[in-house]
Amino acid sequence: MSQVVVVTSGKGGVGKTTSTAAIGAALAQSGQNVVVVDFDVGLRNLDLILGAERRVVYDLVNVIQGHANLSQALIRDKRCETLYLLPASQTRDKDALTEEGVFRVIEELRQRFDWVICDSPAGIERGAQLAMRHADLAIIVTNPEVSSVRDSDRIIGLLDSKTVKAERGEWMEKLLLLTRYDSARAQRGDMLKTEDVLEILSIPLLGIIPESQDVLRASNVGAPVTLNNPASAPAKAYMDAARRLRGESLDVTIPRDKKSLMGMLFGRKAA
Amino acid sequence: MKLLKFLGVRDSAPVARERLQILLAHERSLVGRSDLVAILREEILQVIAKHCAIDRDNVRVKMAKGDTLSTLEVDLEIRAPGGAGIALAS
Ligand SMILES: Nc1ncnc2c1ncn2[C@@H]1O[C@H](COP(=O)(O)OP(=O)(O)OP(=O)(O)O)[C@@H](O)[C@H]1O
Ligand SMILES: [Mg+2]
């Protein structure tokens, strides 16, 4: 049975697109049929993160408006053959996506894929609401930082009221993905603790992704971090998150870096 | 850090947590508790689950808001020999 997942956050720049690409690729690497859908109309980026920017011919809006069919718009990943991208358009027309059109496309994608992963735009307006509308499950991407947690709380409220599932009176499953986790700051006591974020938002934890240069390197070369450097800490954290999505129960490990351990041993400047 | 603690300088993370807890409690009440249904759902299920076996995937909790009256509809199946379903409305 296929699962429609929305990757959302409210706040911008917290790692939604990075996470969509990495988790989508990780699921595809384990043999699942996956499509990642860019809902960030006007500001598409998922194509760039996946290294497919030069292969975009048709996009989500073209499909919705009937100017192209789905097969023409879908782009198959060159490294991982069960991973597909449905790009967003660069149009500035905010109303290019219609509720009915989005519904049709999602239903068609459900027929073809095990996982339909929707990369939401930032904000809590129409674009974000359309991206979450038909989801079965939501991944709430949050940085351990006050404004991000506050915005995640708002998004949780929307997921529980504005989605088709919520309107039908069904339970909307929401999972927390804590990203850009900086272990050095955590040790200094200057970063919200994982337990605190979990307690405040009261949703289960899908994973903790460390702040890492490997994420930047992967985006520079246009590959999800799980494909570009599978042995790196963020790639492993994303792969574990993907396994949890598939129903495995794995313990979540809190990232620690060696530098800060050394710092503890040898003393650090009091910053 | 130890020195800072000794001097009475607090870690900033606990302050962040306290501020968020207060702020969000306030904001959730302002937004008219859009997550009210989700909260009710969890608590109702917990109560029922104490006494009967229920299938959590087969539960619908629906709120219809009216001007003077709102209704809450809970529809769930209780797993029992014979498998009767009950529907509550209030
Ligand atoms: N774990 C990480 N370590 C280091 N940098 C990261 C990490 N995750 C994301 N970033 C960086 O943060 C920036 C924002 O990431 P990304 O584009 O995925 O966020 P977004 O939530 O999709 O943003 P927007 O709201 O604008 O769509 C990017 O430069 C990305 O490389
Ligand atoms: Mg993005």
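Here the residue numbering is sequential within each chain, running from 1 through the sequence in written order. Whichever chain is written first is A, and whichever ligand is written first is 1; the rest continue in order. At least 70 in pLDDT is required for a residue's local features to be given in this predicted model, at least 80 for side-chain atom pairs to be given and counted, and no such filter applies to totals for whole chains, interfaces and linings, which use all residues. The side-chain numbers reported here are obtained from all heavy atoms of the structure, hydrogens and water having been left aside.

Colleague: Just to check I follow, could you spell out unusual backbone geometry for this structure?
Modeller: Residue and element names in this part refer to chain A. One non-glycine residue, Arg180, lies in the positive phi region at around 55°. Secondary structure is summarised from DSSP: a helix means a run of H or I of at least four residues, a strand means a run of E of at least two, and numbering begins at the N terminus for each. Of note, Arg180 is situated in strand β7 (residues 173-181). Relative accessibility under 20% of the residue-type maximum defines a buried residue, over 50% an exposed one, and the middle range a partly exposed one, all with a 1.4 Å probe and only protein chains included. On the basis of relative accessible area, Arg180 is assigned to the partly exposed category, the value being 41%. Of note in this structure, Ser202 is not a glycine but carries a positive phi near 40°. Looking at where Ser202 falls in the secondary structure, it is placed in the loop between α10 (194-201) and β8 (205-210). Judged by relative accessible area, Ser202 falls into the exposed class, the value being 58%.

Colleague: Help me understand the site of ligand 1, please; the structure alone is not making it clear to me.
Modeller: Residue and element names in this part refer to chain A. Neighbouring residues of ligand 1: 16 residues in total, closest Lys16, Thr17, Thr18, Arg180 and Ser212. Polar contacts, as used here, are pairs of N or O atoms within 3.5 Å; protein pairs need one atom able to donate a hydrogen and one able to accept it. Residues neighboring in sequence count only if both atoms are side-chain atoms. Here an oxygen atom of ligand 1 and a side-chain polar atom of Lys16 are 2.8 Å apart. When the free accessible area of ligand 1 is taken as 640 Å², the share hidden by the protein chains comes to 79%. Only α1 (16-29), β8 and α11 (213-221) provide two or more residues apiece to the shell around ligand 1. A total of three residues in the shell around ligand 1 trace back to one element, the largest contributor, which is α1. Proximity is defined per residue: if any heavy atom of the residue lies within 4 Å of a molecule or strand, that residue is considered near it. Only the protein chains shown count as covering a residue, and every accessible area follows the Shrake-Rupley method with a 1.4 Å probe.

Colleague: Could you clarify how one ought to interpret the UniProt feature "binding site: ATP" (unreviewed entry) in chain A in this entry?
Modeller: Residue and element names in this part refer to chain A. The positions that UniProt labels "binding site: ATP" (unreviewed entry) are, in the present scheme, Lys11, Gly12, Gly13, Val14, Gly15, Lys16, Thr17 and Thr18. Looking at the secondary structure, you find Gly15 in the loop between β1 (3-8) and α1. If near-sequence neighbours (up to four positions away) are discounted, Gly15 is found in contact with Val141 and Tyr238. In this fold, Lys16 is placed in helix α1. UniProt positions are given in the numbering used here, feature names are shortened, and annotations may be inferred rather than shown by experiment. By definition, residues are in contact when any of their heavy atoms lie within 4.5 Å.

Colleague: What is the right way to look at the environment of Arg56 of chain B in this model?
Modeller: Residues and elements named next belong to chain B. Relative to the elements of secondary structure, Arg56 occurs in strand β1 (residues 53-64). Classification of Arg56 as partly exposed rests on a relative accessible area of 40%. Sequence separation between Arg56 and Leu76 is 20 residues; the distance between their C-alpha atoms is 8.3 Å. When sequence neighbours within four positions are dropped, the list of residues in contact with Arg56 reads Arg41, Glu42 and Leu45.

Colleague: Before we go on, may I ask you to explain the interface of chain A and chain B in this structure?
Modeller: You'll often see interface size given as the accessible area lost when the parts meet. Taken together, the contact between chain A and chain B spans 23 residues of the former and 22 residues of the latter. When chain A packs against chain B, close to 2,100 Å² is buried across both sides, 56% of that on carbon and sulfur atoms. Accessible area that two parts lose when put together, evaluated with a 1.4 Å probe and summed over both, is termed the buried area. The largest per-residue losses of area from chain A upon contact with chain B belong to Arg150, Trp171 and Ile200 of chain A, which jointly make up 25% of the total buried on that side. The salt bridge definition used is simple: a Lys or Arg side-chain nitrogen within 4 Å of an Asp or Glu carboxyl oxygen. Our count for the chain A to chain B interface comes out at four salt bridges. There are ten residue pairs in polar contact (both at pLDDT 80 or more) connecting chain A and chain B. Secondary-structure elements contributing two or more residues to the side of chain A that touches chain B are α7 (146-159) and α10 of chain A. Among the elements that make up the side of chain A that touches chain B, the one with the highest residue count is α7 of chain A (five residues). Following the grouping adopted for this structure description, the nonpolar residues are Ala, Val, Leu, Ile, Met, Phe, Trp, Tyr, Cys and Pro, the charged ones are Asp, Glu, Lys and Arg, and the polar ones are all others, Gly among them. Partitioning the side of chain A that touches chain B into residue classes produces nine nonpolar, four polar and ten charged.

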